[in-house]
Amino acid sequence: MKKLLIIFIILFGFSSNLYSAGGSSGGSSGGTSNSSGSSGGYGGSGMSGQYTVSTRGVYDATLMAIWKEIEDEMYQSAHESLQSYVIENPENSDGWNLFGFTSRKLEIFNDAEKYYQIGLEIDPEHTGILQYQGELYLETDRLNLAKNNLKRLEELCVFNCDEKNKLAELISKYESK
């Protein structure tokens with residue numbers, strides 16, 4: 001119950017941030033919540049260029065529709081849809097992951113960091129969030145924090161972990177600049 005209260009307080013705060021960034025709280029939600037979490041996330045322009053999904057969870061119909069918006073690089077529209085989605089599904093770590101992702105793509109870095117953290121509070125082993133949060137750290141010049149996320153992914157992912165491999169590659173590129 002305490003987590004839900006914290007989530008709603010944060011949601012109230014981000015709605016004013018979204019409004020000041022020129023967005024609105026439009027979009028639709030619905031479907032059922034999937035709180036099991038998946039290590040999915042979206043690529044597009046920016047640091048990682050493709051979407052990965054694991055067998056940890058399956059997106060509901062609403063997140064699948066939002067996924068399509070993100071694949072089409074319609075980040076603002078997807079962001080607005082995700083705002084409604086996380087209000088209606090506050091325990092869905094995938095929703096928070098995508099909300100953080102679209103915030104990062106829209107360069108609303110402070111909000112992205114908050115949303116990734118909420119997702120990790122729900123599912124501390126969400127490899128997709130750990131990867132994208134690591135990318136956020138690189139985009140905001142915090143290499144040590146990105147390396148910490150990579151260490152965590154190395155602990156969680158023993159074999160063939162796309163999230164670990166992608167973050168390791170991005171860290172290597174960052175260090176060679």
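Everything numeric in this text was worked out from a predicted model, so none of it was measured.

Colleague: Mind showing me how you'd approach the overall build of the protein here?
Modeller: Scanning the protein from N- to C-terminus turns up 8 helices and 0 strands. Listing each helix as α and each strand as β along the protein from the N terminus yields α-α-α-α-α-α-α-α. By the burial criterion, 49% of the 177 residues in the protein qualify as buried. A separation threshold of at least 6 residues defines the contact pool for the protein, and within that pool the share at least 24 residues apart is 63%. Looking at the protein as shown, the accessible area adds up to about 8,500 Å², and 53% of this sits on carbon and sulfur atoms.

Colleague: Can you help me understand the packing of aromatic side chains in this one?
Modeller: Working definition: an aromatic ring pair is given by the centre-to-centre distance plus the angle between the planes. In the structure shown here, the tally under the stated rule is 6 aromatic pairs. Ring geometry for Tyr59 and Trp67: centres 6.3 Å apart, planes at 80 degrees, overall edge-to-face. A network of ring pairs unites the aromatic residues Tyr75, Phe101 and Tyr132 as a single cluster.

Colleague: What am I meant to see in the packing of helix α2 (residues 61-71) against helix α3 (residues 75-88) here?
Modeller: Close contact between α2 and α3 brings their axes to 8 Å; oriented N to C, the two are set at 160 degrees. By the angle between their directions, the pair α2 and α3 is classed as roughly antiparallel. Note that α2 runs across α3; the crossing there is left-handed. In contact with Thr62, Leu63, Ile66, Glu69 and Ile70 of α2, α3 contributes Tyr75, Ser77, Ala78, Ser81, Leu82 and Tyr85. Here the residues of the contact of α2 with α3 are counted per class, giving 7 nonpolar, 3 polar and 1 charged.

Colleague: Sorry if this is basic, but what is going on with unusual backbone geometry here?
Modeller: Peptide bonds are mostly trans, and most non-glycine residues show a negative phi. The phi dihedral of Glu107 falls on the positive side, at around 60 degrees, and the residue is not glycine. Of note, Glu107 is situated in the loop between α4 (93-105) and α5 (109-122). Look at Asp141: it is not a glycine, yet its phi comes out positive at around 55 degrees. As for its position among the elements, Asp141 is in the loop between α6 (127-139) and α7 (143-156).

Colleague: Explain the state of the cysteines here, please?
Modeller: Note: disulfide means a covalent bond formed between the sulfur atoms of two cysteine side chains. On inspection of all chains with the given rule, the structure shows 1 disulfide. Between Cys157 and Cys161 runs a disulfide, and the two sulfur atoms are separated by 2.2 Å. With relative accessibility at 8%, the residue Cys157 sits in the buried group. Look at Cys161 and you get buried, because its relative accessible area is 5%.

Colleague: Hey, could you run me through the environment of Asn92 in this one?
Modeller: By the element assignment, Asn92 lies in the loop between α3 and α4. Taking the C-alpha atoms as reference, Asn92 lies 9.8 Å from Tyr59; in sequence the two are 33 residues apart. Reaching out from Asn92, the side chain makes a polar contact with the backbone nitrogen of Gly95 at a distance of 3.0 Å.

Colleague: Looking at this structure, how should I read the environment of Ile70?
Modeller: Along the chain, Ile70 falls in helix α2. Between the C-alpha atom of Ile70 and that of Phe101, which follows or precedes it by 31 residues, the distance is 9.4 Å.

Colleague: I would appreciate a short explanation of the pattern of salt bridges in the present structure.
Modeller: Where charged atoms of side chains with opposite charge meet at close range, the side chains can pair. Considering all chains together, one arrives at 8 salt bridges under this definition. Between Lys114 and Asp111 there is a salt bridge, and its shortest N-O distance comes to 3.7 Å. Here Asp111 and Lys114 lie together in helix α5, a separation of 3 residues that amounts to about one turn. Taking the relative accessible area as the measure of exposure, Lys114 reaches 36% and is therefore partly exposed. One salt bridge in this structure joins Glu169 and Lys173, with 3.2 Å as the shortest N-O distance. Taken together, the residues Glu169 and Lys173, both in helix α8 (residues 162-175) and 4 residues apart, mark about one turn of the helix.

Here is what the cut-offs are and how they apply
- Residues numbered from 1 in each chain as written.
- Predicted model: local features only at pLDDT ≥ 70, side-chain atom pairs only at ≥ 80, totals over all residues.
- Heavy atoms only, no water.
- Helix = DSSP H or I, 4+ residues; strand = E, 2+ residues; numbered from the N terminus.
- Buried < 20%, exposed > 50% of the residue type's maximum accessible area, 1.4 Å probe, protein only.
- Contact = heavy atoms within 4.5 Å.
- Areas by Shrake-Rupley, 256 points an atom, 1.4 Å probe, with all protein chains shown as cover.
- Phe/Tyr/Trp six-rings, centres within 6.5 Å; stacked < 30°, edge-to-face > 60°.
- Axes fitted to C-alpha atoms, helices over the stretch in contact; angles between N-to-C directions.
- Parallel < 35°, antiparallel > 145°, perpendicular 65-115°, else oblique.
- Left-handed = near helix turned anticlockwise from the far one by under 90°.
- Nonpolar A, V, L, I, M, F, W, Y, C, P; charged D, E, K, R; others polar.
- Disulfide = S-S within 2.5 Å.
- Polar contact = N/O pair within 3.5 Å; in protein donor to acceptor, adjacent residues only side chain to side chain.
- Salt bridge = Lys/Arg side-chain N within 4 Å of Asp/Glu carboxyl O.

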